[in-house]
Number of protein chains: 2
Amino acid sequence: MSIEGEFGGPRLGVLGGMGPMASAWFMVRLTALAQAGVDQEHIPTILWSDPRVPDRTAHYFGHGADPWPWLEHGLRALRSAGATAVAIPCNTAHLWYERMAAATDLPILHIVDAVVHDLLRQGVRDGTVGLLGTEATLQSGLYQSALANRGYVHIELTAEEQAQWPSRAIAMVKANKIDEALAPAVQAVKLLQSRGAQAVVLGCTELPIALPAAQRSAFQMPIADSIDALAKDSIAWYQRAVESARAAH
Amino acid sequence: MSIEGEFGGPRLGVLGGMGPMASAWFMVRLTALAQAGVDQEHIPTILWSDPRVPDRTAHYFGHGADPWPWLEHGLRALRSAGATAVAIPCNTAHLWYERMAAATDLPILHIVDAVVHDLLRQGVRDGTVGLLGTEATLQSGLYQSALANRGYVHIELTAEEQAQWPSRAIAMVKANKIDEALAPAVQAVKLLQSRGAQAVVLGCTELPIALPAAQRSAFQMPIADSIDALAKDSIAWYQRAVESARAAH
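About the thresholds
Residues numbered from 1 in each chain as written. Chains lettered and ligands numbered in written order. Predicted model: local features only at pLDDT ≥ 70, side-chain atom pairs only at ≥ 80, totals over all residues. Heavy atoms only, no water. Salt bridge = Lys/Arg side-chain N within 4 Å of Asp/Glu carboxyl O. Helix = DSSP H or I, 4+ residues; strand = E, 2+ residues; numbered from the N terminus. Buried < 20%, exposed > 50% of the residue type's maximum accessible area, 1.4 Å probe, protein only. Least-squares fit on C-alpha atoms with pLDDT ≥ 70 in both. Contact = heavy atoms within 4.5 Å. Polar contact = N/O pair within 3.5 Å; in protein donor to acceptor, adjacent residues only side chain to side chain. Expected span 1.5 Å × (residues − 1). Arc of directions from axis to C-beta. Buried area = accessible area lost by both parts, 1.4 Å probe. Nonpolar A, V, L, I, M, F, W, Y, C, P; charged D, E, K, R; others polar. Pairing = 2+ DSSP bridges. Domains from an automatic or database assignment. Axes fitted to C-alpha atoms, helices over the stretch in contact; angles between N-to-C directions. pLDDT = per-residue confidence, 0-100.

Chemist: Could you give an account of the pattern of salt bridges, with specific residues and numbers?
Modeler: All names here are of chain B. What the rule picks out here adds up to 24 salt bridges over all chains. For Lys174, the salt bridge goes to Glu206, with nearest N and O atoms at 3.3 Å. Residue Lys174 is found in helix H10 (residues 166–174), and its partner Glu206 is found in the loop between strand S6 (199–202) and helix H12 (207–210); the two are separated by 32 residues along the sequence. Since its relative accessible area comes to 15%, Lys174 is described here as buried.

Chemist: Provide a residue-level description of the relation of the copies chain B and chain A, including the pertinent values.
Modeler: Overlaying chain B with chain A gives an RMSD of 0.0 Å, the required rotation being 180 degrees about an axis along which the chain moves by 0.0 Å. Expressed as an axis order, the relation between the two copies is that of a two-fold axis. Residues of chain B ranked by C-alpha distance from the rotation axis are headed by B:Leu47, positioned 2.5 Å from it. In this assembly the copies share their binding face: 100% of the residues contributing to the interface of chain B also contribute to that of chain A.

Chemist: Tell me about the side chain of A:Thr104, and name the residues and values.
Modeler: Residues and elements named next belong to chain A. With respect to the element layout, Thr104 can be found in the loop between helix H5 (97–103) and helix H6 (111–121). A relative accessible area of 13% means that Thr104 is categorised as buried. Only 3.2 Å separates the side chain of Thr104 from the backbone nitrogen of Leu106, close enough to count as a polar contact. Setting aside anything within four residues of it in sequence, one finds Thr104 in contact with Leu75 and Arg79.

Chemist: Could you give me a rundown of helix H11 (residues 178–194) of chain B, with the residues and numbers involved?
Modeler: Residue and element names in this part refer to chain B. The end-to-end C-alpha distance of H11, which contains 17 residues, comes to 25 Å, matching closely the 24 Å that a straight helix rising 1.5 Å per residue would cover. Within H11 the residues assigned to the buried category are Ala181, Pro184, Ala185, Ala188, Val189, Leu191 and Leu192. Down the axis of H11, the buried side of the element spans an arc of 155 degrees, and every buried residue falls inside it. Set apart from the buried face of H11 by more than 90 degrees, the exposed residues are Asp179, Ala183 and Ser194. One or two positions beyond H11, positive phi appears at Gly196, with a value near 105 degrees.

Chemist: Break down the interface of chain B and chain A for me, with residues and values.
Modeler: The partner chain A presents 45 residues to the 45 residues of chain B that form the contact. When chain B packs against chain A, close to 3,800 Å² is buried across both sides, 56% of that on carbon and sulfur atoms. Among the residues of chain B in contact with chain A, B:Phe7, B:Asp39 and B:Arg52 are the three that bury the most area, contributing 17% of the side total. A:Asp50 is the partner of B:Arg11 in a salt bridge, and the nearest nitrogen-oxygen pair spans 3.0 Å. Our enumeration of links across chain B and chain A arrives at 25 residue pairs in polar contact (both at pLDDT 80 or more). Elements with a minimum of two residues in the side of chain B that touches chain A: helix H1 (3–7), helix H2 (20–32), strand S2 (45–49) and helix H4 (68–80) of chain B. Looking at the side of chain B that touches chain A element by element, the count peaks at 8 residues for H2(B). When grouped by side-chain class, the residues that make up the side of chain B that touches chain A number 25 nonpolar, 11 polar and 9 charged. As judged from the 5 bridges shared by strand S2 (residues 45–49) of chain A and S2(B), these two strands associate in the antiparallel manner.

Chemist: Please set out the domain arrangement of chain A residue by residue, giving values where relevant.
Modeler: Residue and element names in this part refer to chain A. Per the domain assignment, the segments of chain A are domain 1 (3–110 + 229–247) and domain 2 (112–226). Here domain 1 and domain 2 have C-alpha centroids that lie 22 Å from each other. Surface buried jointly by domain 1 and domain 2 totals about 1,800 Å² across both partners, of which 57% is contributed by carbon and sulfur atoms. Of all residues in domain 1, Asn91, His110 and Ala229 give up the largest surface area on contact with domain 2, accounting jointly for 34% of the area buried on that side. There are 1 salt bridge connecting domain 1 and domain 2. Linking Asp118 and Lys232 is a salt bridge whose minimum nitrogen-to-oxygen distance equals 3.6 Å. Along the contact surface separating domain 1 from domain 2 lie 13 residue pairs in polar contact (both at pLDDT 80 or more). A total of 4 residues in the side of domain 1 that touches domain 2 trace back to one element, the largest contributor, which is helix H13 (residues 226–247). The class makeup of the residues in the side of domain 1 that touches domain 2 is 11 nonpolar, 6 polar and 3 charged.

Chemist: Describe unusual backbone geometry, and please don't skip the residues or the numbers.
Modeler: Across the chain, the bulk of peptide bonds are trans and the bulk of non-glycine residues have phi less than zero. Following A:Met18, the chain continues to A:Gly19 via a peptide bond in cis, the omega torsion being -10 degrees. Inspection of the secondary structure puts A:Gly19 in the loop between strand S1 (12–16) and helix H2 (20–33). Non-glycine residue A:Gln220 carries a positive phi angle of around 45 degrees. With respect to the helices, strands and loops of the structure, A:Gln220 is situated in the loop between helix H12 (207–210) and strand S7 (223–225). Located in the positive-phi region is B:Asn176, a residue other than glycine, with phi close to 65 degrees. Mapped onto the fold, B:Asn176 is located in the loop between H10 and H11.

Chemist: Help me get a handle on the sheet that holds strand S5 (residues 152–155) of chain B, residues and values and all.
Modeler: Backbone hydrogen bonds are what pair the strands of a sheet, in a parallel or an antiparallel way. Residue and element names in this part refer to chain B. Pairing is parallel in the open sheet, where 4 strands are placed in the order S5-S4-S6-S7. In this open sheet, the two edge strands, each paired with only one partner strand, are S5 and strand S7 (223–225). The sheet shows a mean angle of 25 degrees between the axes of neighbouring strands, taken without regard to direction. Here strand S4 (residues 127–132) pairs with S5 via 4 bridges, running parallel. Looking at S5, one finds that Thr128 is bridged to Val153.

Chemist: Tell me about the confidence of the model for chain A, and please be specific about residues and values.
Modeler: On average, residues of chain A score 96 in pLDDT, and 98% of them are at 70 or above. Of the two predicted TM-score estimates for the complex, the pTM is 0.97 and the ipTM is 0.96.

Spelled out as structure tokens, the structure:
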């Protein structure tokens, strides 16, 4: 095998930095969830973490610079560096999913699909799902149609509650105040549960950091973590890609 | 400012994957230790995480493939993708430091310098320092001359203890058995402390994962964590680079 061939093969590109802790934590979970006994069995990955991408939520609501040129630049950088598929650990960035998919020939895993896969894996096949995310993710309907199509009923917080709880938790994580993010994240999940949610989606990648796994069991309810869900779909992609590369030889 | 200029500026390249959890954790710490209030104030970074790099320690002892072509390829990939400096969260890979520095025009931060800076920051200016790392890092003398030059006395475990404690902790982290890595890591630090170490260097980037920060205070002794140390030096590099880019305008 040539050196170039040796360095080749499936390689995951991660369009990250949105925010930087979410994409760093994605790398941790991608590693921890992989079936690997030694370094060499883990997944070759390139993380493009450019936290300067303008705020996705602000732009959606008509304030601030357009993130699109930054998303496009990151996709191009990942492709040139040798990525063969892309994962994006930022839910709000998926408002540009169709445009990104049209701008690159690399397959892009969709975080909403990954979350639905995770709900099914956790045995949640119907019923009421509470939805948490940024204001832009929720207002855009990114999750709602996917959940409705699968037969789930979805519920959300009011605009006032959104500002008070999940948006605050998200901002605290982005400001490196992770301890202060816990209480508002807990409050957001509690409210949805009190209104009938039988499962909750952490549909912003700052929320799994605000509400770490150890704090979730108290709810005695399935919680779909969009970072873990995307990591699991990325691992499944890699396994399929390695198998089809082998089959082609 | 042109789009190309807007995307430019200082960008940290991380030559990672050695192991993958160490470089993922480096990204977490680089983010957590940065002074940033919103996403856009964090450090633009590219992580090249190729865990297929052949085992550095095995090759040093004459077994297994040469990691060099993989290190060179990773450096080249980081440079093409726009990195303006390189950090390598793997101590053993620094056995190739001179060769890497000669192969690229990017500055490469040195992890041993970063650890010495961290010892000084923690007020450890002399005395006996216990040294933990892979067998190859220790036998190569990577740390010993740097510590001796600064006036530190260094002590190490015996070959038998090395195999039983730190090497086992390192292998457990690489195999995703992080819980099983704690006891041998604790034992290694305890032995060095019982023999007079006034501070201990975790000179392998799997060891800070084996012995998390919360478990270190029991030793009541400064512990230099090579991941945190390299993250702090990377943040200092970025601040200097941003300032000199500003001054040039």
